[in-house]
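# Secondary and tertiary structure notes
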Amino acid sequence: MNQFSSYPPSSFPLYLTTFSIIFFLNVSLSSTTTTTTPLQLLSLLSLKSKLKDPLNTFHEWDPTPTFSKPGSFQPVWCSWSGIKCDRKASQVISLDLSRRNLSGQIPPEISYLAHLHHLNLSSNSFDGPLPAAVFDLAYLRTLDISHNNFNSTFPLGISNLNFLTVLNAYSNSFTGPLPVEITRLPSLEYLNLGGSYFEGEIPASYGNFQNLSFLDLAGNLLTGSIPPELGSLTQLERLEIGYNVFVGGIPSEFGKLSNLKYMDVSTANLSGEITPQLSDLTKLESLLLFKNGFTGQIPSSFEKLTALKSLDLSDNFLSGPIPHGISDFKELIVLSLMNNKLSGEIPDGIGELPDLELLSLWNNSLTGILPQRLGSNRNLQKLDVSSNSLSGPVPPNLCLGNKLVKLILFGNNFIGELPPSLANCSTLSRFRIQDNRLNGSIPFGFGSLFNLTFMDLSKNNFSGEIPRDFGNAAVLQYLNISENSFDTSLPDNIWSSPNLQIFSAKSSGLKGKIPDFIGCRSLYKIELEGNDLDGSIPWDVDHCEKLICLNLRGNSLTGIIPWEISTLPSITDVDLSRNNLTGEIPSSFNNCTTLESFNVSYNQLTGPIPLSGTIFPNLHPSSFIGNAGLCGRILQKPCGGEGVAAGAVDVRPRPKKTAGAIVWIMAAAFGIGLFVLIAGSKCFHASYSRRFSTSDTHEIGPWKLTAFQRLNFTADDVLECLSMTDKIIGMGSTGTVYKAEMPGGEIIAVKKLWGKHKETIRRRRGVLAEVDVLGNVRHRNIVRLLGCCNNNECTMLLYEYMPNGSLDDLLHGKNKEYAYTLQVDEKSDIYSFGVVLMEILTGKRSVDSEFGEGNSIVDWVRTKIKAKNGLIDVLDKNAGASCASVREEMMLVLRVALICTSRNPADRPSMRDVVSMLQEAKPKRKSPEIGRVGGDAPVAQKPIVEC
């Protein structure tokens, strides 16, 4: 037993210095191990002590057993996680520290692992320059530093690694030119430098690798021409050099890459015709050239590429026909030629390819019929031939294998009926066949498809019954049957689909009544314009709690406008024009603050147009014309109470004799009520004034009023008013709400939060900080928070008073997003957006104890930037602030955030201006697309900036 064995393993490194490690190991292990063994332990313990390990993944790296069992043949570190040793010599030959969320600087002591063959540091948060000490590991075979944030130029010294076969540096932040020294590695087989910020041209010497089978330079800032010398990489099997900004085309020398199986030069700014010599790559399985500027025809010689499994030439300017030789690609799984200028017919043999899963030909000028055997291979999953000029029937067996997920055929001239088999395709998720000439009835069964979320059948010639099973569709969110010729009524259960959000049936020949709205819990848009619907608008429309848009324009509806429409919490757009509606516009619309558009023109409405709401005074008169009986200021046609227009007859009813009696009764009741009110208020004042007495100021501190807009009253005015009123308009778990009239006549709602215990007081600090953030938000849909009164014991929130409904209903009813949100003007989200930007830039939450009591992230940022070098503390290094060019962009975005969070709402920009400012601050380089068809390896995912 030695002096260290009594310490617990977790505390050992705290008591053992580097010097004592070396000294003790030289003494106790010199007889059983080589002199390099202690250096291995020193190297490993240096990694543990100098790297940041938030997940405590090094907890088992405990050297204590080493000293307990000095005679052990295999050193203890050989059993630690991520470490493998050579069994004979007990040397560390493999170190895997991947996916541990490590950060910090790799210590130079890593070079003590002199016999290391494999080093994996991938998927961590390392930054700064790559330490040159790594290049002292002379026996290294594989080096993986991918998915980190190593930056600066690639360091010198890698040519020391004569045995290196794999170098994976994908997805870092390296800058400067590609390292030429790498070409001096004779054994290199795998080279991945993609996803960084390397710039300049690809060195011609990169064609000198004799054994290279994998080369990835994609997603950088590379320019110039692609060097023809790369055609000398005869062992190359996979080449990815897209997502750069090259000039010219693909060198004809690429035809010499006889072993190439995968080639991706997409999104690379290439131009000219596609090099026909690529047809010599007879082993090629994937050819991805999408999103370039290629012109001309697809080379007919491509028919020799019979090993192809994936061909993507989309998003170019290719013209002419699809080569018939593609029908011979029996291995083809993916064919994407979308968004070109192709013409002619689709080769019929494409429909017979046995393994075809995806066919994407949309946005071309293709004609003729769609191959009728498509889907017969039972493998078809996605078919998109939209926006062409195809005709004929829809193939009958598209979902024969029950694997079809997306069927997109819109914008063609397809005719005939829909194949009934499609209604049994249980895998179908998106089905878009609008804007064709299909006819017949819609097959029954689509409502039973448990994956169907989107269905658009509009702009066809469908007729007959609308399938009742649409009301049973489990996950259907969008259903459009507009512009057809059904000549039928809507199914009575059409609103019952539990997830249906948009239903559009404009100009579809519908007749009969609108079904009751029971069950329409998810709908936010209903369009029934231009039909022949009759009867009244169902009064249970308030079941559609999420409804935003209701369009019933151009029908034959009768009856009155249901006042329930005005109670919908999110209703924005209502169009009831060109019907036969009668009666008055319900006065409850005065309280509807969400409306932006309201059209009831050309009906038979009578009475006054609401005036006291926030929307009606600003609507155009055209929203009400065509109703002879309507009156109001907006039509410049006074109603009876506003005076009689010149030449008009006063048709107001004469008061009855009983009116006088009613007045006397009301006066008496008012007098009695006033007496009770005065007597009760005196009793209430005697007790309540003691609760708000200023005599306790030395214990609970003075009252502080935080105003979020100009207020004409003080905290004392609020306290005095509360001490003289018993007008409680709400009570809940968080506090009591009072109606209070200020000295200047303003009526506000005061919510006094419960607070009796120290824990409640502590939590209130966070409430105040959050209130400060929200108090600067302005939106017409959210009740306005005017300010906040607080001291050390109590907090009171001052709200805008809602005269036509209790604040309790808003705070504690079914719409609880009101207890925490505030009503604002047209710049509603600008302040909130600025707060989100600050959270992204700083890596901090909007409210944090770090900001100080009662402060929000806005206060913290504004305070920090005033200090010297304050920006260094504000910007999040994990978001790239350590990189100069990234930091510059972050500072530009921070300026936008500061403008968005201006104290005065009038000083905040519009969202259009915000977008413009952000576009000025955005990177100059296009962001690479992820997950394109045919690619089985991701490309650069980093923000594209110059660092």
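Residues numbered from 1 in each chain as written. Predicted model: local features only at pLDDT ≥ 70, side-chain atom pairs only at ≥ 80, totals over all residues. Heavy atoms only, no water.

Another point: the overall build of the protein. When helices and strands are counted, the protein shows 14 helices and 49 strands. If you sum the accessible surface of the protein, you get close to 43400 Å²; carbon and sulfur atoms cover 52% of it. (Helix = DSSP H or I, 4+ residues; strand = E, 2+ residues; numbered from the N terminus. Areas by Shrake-Rupley, 256 points an atom, 1.4 Å probe, with all protein chains shown as cover.)

Let us look at the side chain of N120. Tracing the backbone shows N120 in strand 3 (residues 118-120). Here the side chain of N120 touches S122 through a polar contact of 2.7 Å, side chain to side chain. Among all residues touching N120, those that are not within four sequence positions of it are L95, D96, L97, S98 and D144. (Polar contact = N/O pair within 3.5 Å; in protein donor to acceptor, adjacent residues only side chain to side chain. Contact = heavy atoms within 4.5 Å.)

Here we take up the sheet that holds strand 27 (residues 413-416). Strands sit in the order 25-27-29-31 across an open sheet of four strands; the sheet is parallel. Of all strands in the sheet, those with a lone pairing partner are strand 25 (391-392) and strand 31 (461-462), marking the two edges. Where strand 25 and strand 27 come together, two bridges link them in parallel fashion. Within strand 27, the residue paired with S391 across the bridge is N413. (Pairing = 2+ DSSP bridges.)

We now examine the sheet that holds strand 40 (residues 582-583). Taken in spatial order, the three strands of this open sheet run 40-42-43, and their pairing is parallel. The open sheet has two edge strands with one neighbour each: strand 40 and strand 43 (629-631).

Another point: the pattern of salt bridges. Note on pairing: side chains with opposite charge can pair once their charged atoms come close. Inspection of the entire model under this criterion finds 10 salt bridges. With a closest N to O distance of 3.2 Å, K304 and D280 form a salt bridge. With a gap of 24 residues between them, K304 in the loop between strand 17 (293-297) and strand 18 (310-312) and D280 in the loop between strand 15 (271-273) and strand 16 (286-288) connect regions that are remote in the sequence. Take D280: its relative accessible area is 39%, and that puts it in the partly exposed class. Between E352 and R373 there is a salt bridge, with the nearest N and O atoms lying 4.0 Å from each other. Placement of E352 in the loop between strand 21 (341-345) and strand 22 (358-360) and of R373 in the loop between strand 23 (365-367) and strand 24 (382-384) is noted, with a sequence separation of 21 residues between them. Here the salt bridges share partners, and the residues they tie into one network are E529, R553 and D575. (Salt bridge = Lys/Arg side-chain N within 4 Å of Asp/Glu carboxyl O. Buried < 20%, exposed > 50% of the residue type's maximum accessible area, 1.4 Å probe, protein only.)

Moving on: the packing of helix 10 (residues 830-842) against helix 11 (residues 857-864). At their nearest, the axes of helix 10 and helix 11 sit 10 Å apart, and the two run at 60° to each other. Overall, the two elements helix 10 and helix 11 adopt an arrangement that is oblique. Note on packing geometry: the crossing formed by helix 10 with helix 11 is left-handed. For the pair helix 10 and helix 11, contact is made by Y831, V835, M838, E839 and T842 and by I857, V858, W860 and V861, respectively. Its residues assigned to classes, the contact of helix 10 with helix 11 comprises seven nonpolar, one polar and one charged. (Axes fitted to C-alpha atoms, helices over the stretch in contact; angles between N-to-C directions. Parallel < 35°, antiparallel > 145°, perpendicular 65-115°, else oblique. Left-handed = near helix turned anticlockwise from the far one by under 90°. Nonpolar A, V, L, I, M, F, W, Y, C, P; charged D, E, K, R; others polar.)

Let us look at the packing of aromatic side chains. For the structure shown, the criterion picks out 19 aromatic pairs. Between the aromatic rings of Y206 and F209, the centroid separation amounts to 5.8 Å while the plane-to-plane angle is 80°, which identifies the pairing as edge-to-face. Arranged with centres 5.5 Å apart and planes meeting at 90°, the rings of W495 and F503 form a pair that is edge-to-face. The two residues W495 and F503 agree in class, both being buried. (Phe/Tyr/Trp six-rings, centres within 6.5 Å; stacked < 30°, edge-to-face > 60°.)

Between its first and last C-alpha, helix 13 (residues 884-900) extends 25 Å over 17 residues, near the 24 Å set by a 1.5 Å rise per residue. Listing the buried residues of helix 13 in full gives S885, V886, E889, M890, V893, L894, V896, A897, L898 and C900. (Expected span 1.5 Å × (residues − 1).)

A word on the nonpolar core. Core analysis: the biggest nonpolar cluster contains 174 residues, and F431, F446, W495, F503 and L528 have the highest contact counts within it. Elements supplying a minimum of two residues to this core: helix 3 (37-50), strand 1 (83-85) and strand 2 (92-96). Ranked by residues supplied to this core, first place goes to helix 3 with four residues. With sequence-adjacent residues up to four places away left out, F446 is seen in contact with L422, A423, L428, F431, L452, M455, D469 and F470. (Core = buried A, V, L, I, M, F, W, Y, C linked by side-chain atoms within 4.5 Å.)

Before going further, it helps to spend a moment on the UniProt feature "binding site: ATP" (unreviewed entry) in the protein. When the UniProt feature table is mapped onto this chain numbering, "binding site: ATP" (unreviewed entry) sits at K752. Residue position: K752 is located in strand 47 (residues 747-753). The buried category is assigned to K752, whose relative accessible area is 16%. (UniProt positions renumbered as here; feature names shortened; annotations may be inferred.)

The next thing to look at is the state of the cysteines. Overall, the coordinates contain four disulfides when judged by the stated rule. Residue pairing for C520: its cysteine sulfur links by disulfide to C544, the two sulfurs lying 1.9 Å apart. Between C520 and C544, the S-S torsion sits near -105°, and that sign places the bridge as left-handed. One end of the pair, C520, is in the loop between strand 34 (511-513) and strand 35 (525-527); the other, C544, is in the loop between strand 36 (532-535) and strand 37 (549-551), with 24 residues separating them in the sequence. Residue C520 shares its accessibility class with C544, and that shared class is buried. C631 shares a disulfide with C639; S-S distance 2.0 Å. One disulfide, between C631 and C639, carries an S-S torsion of 110° and so falls in the right-handed class. Taking relative accessible area as the criterion, C639 reaches 11% and is therefore assigned buried. Here C788 is not disulfide-linked; the sulfur of C789 is the nearest cysteine sulfur, at 6.8 Å. (Disulfide = S-S within 2.5 Å.)

Every regular strand shows the same layout, with side chains that alternate between the two sheet faces. Burial of the side chains of strand 36 is restricted to one face: L533 and G535 are buried, whereas none of D532 and D534 on the reverse face is. Bridge count between strand 36 and strand 38 (residues 556-557): two bridges; the pairing is parallel. When the bridges of strand 38 are listed, G535 appears paired with L557.

In this structure, Y243 is a non-glycine residue whose phi angle is positive, near 55°. Within the secondary structure, Y243 sits in the loop between strand 13 (238-240) and strand 14 (262-264). Y243 sits in the buried class, given a relative accessible area of 6%. The phi dihedral of D487 falls on the positive side, at around 55°, and the residue is not glycine. Relative to the assigned elements, D487 resides in the loop between strand 32 (478-480) and strand 33 (502-504).

This next bit is on the packing of helix 10 against helix 13. Between helix 10 and helix 13, the shortest axis-to-axis distance is 8 Å and the interhelical angle comes to 150°. One finds that helix 10 runs roughly antiparallel with respect to helix 13. Viewed along their axes, helix 10 and helix 13 form a crossing whose handedness is left-handed. Taking contact as the criterion, the partners of I830, Y831, F833, G834, L837, M838 and L841 in helix 10 are, on helix 13, M890, V893, L894, V896, A897, L898 and C900. Taken together, the residues of the contact of helix 10 with helix 13 break down into 13 nonpolar, one polar and no charged.

Attention now goes to the confidence of the model for the protein. With 78% of its residues at a pLDDT of 70 or more, the protein has an overall mean of 81. Scored below 50 in pLDDT, residues 806-816 makes 24 contacts in the model with residues more than four places away or belonging to other chains. (pLDDT = per-residue confidence, 0-100.)

By the secondary structure assignment, N151 is in strand 6 (residues 149-153). Once residues within four sequence positions are removed from consideration, N151 is found in contact with D127, G128, P129, L130, S173, F174 and S882.

This part is about the environment of S389. Turning to its location among the elements, S389 is positioned in the loop between strand 24 and strand 25. Sequence separation of S389 and S365 is 24 residues, and the distance between their C-alpha atoms is 6.1 Å. Contacts of S389, omitting those with residues within four sequence positions, involve L366, T367, G368, N412 and N413.

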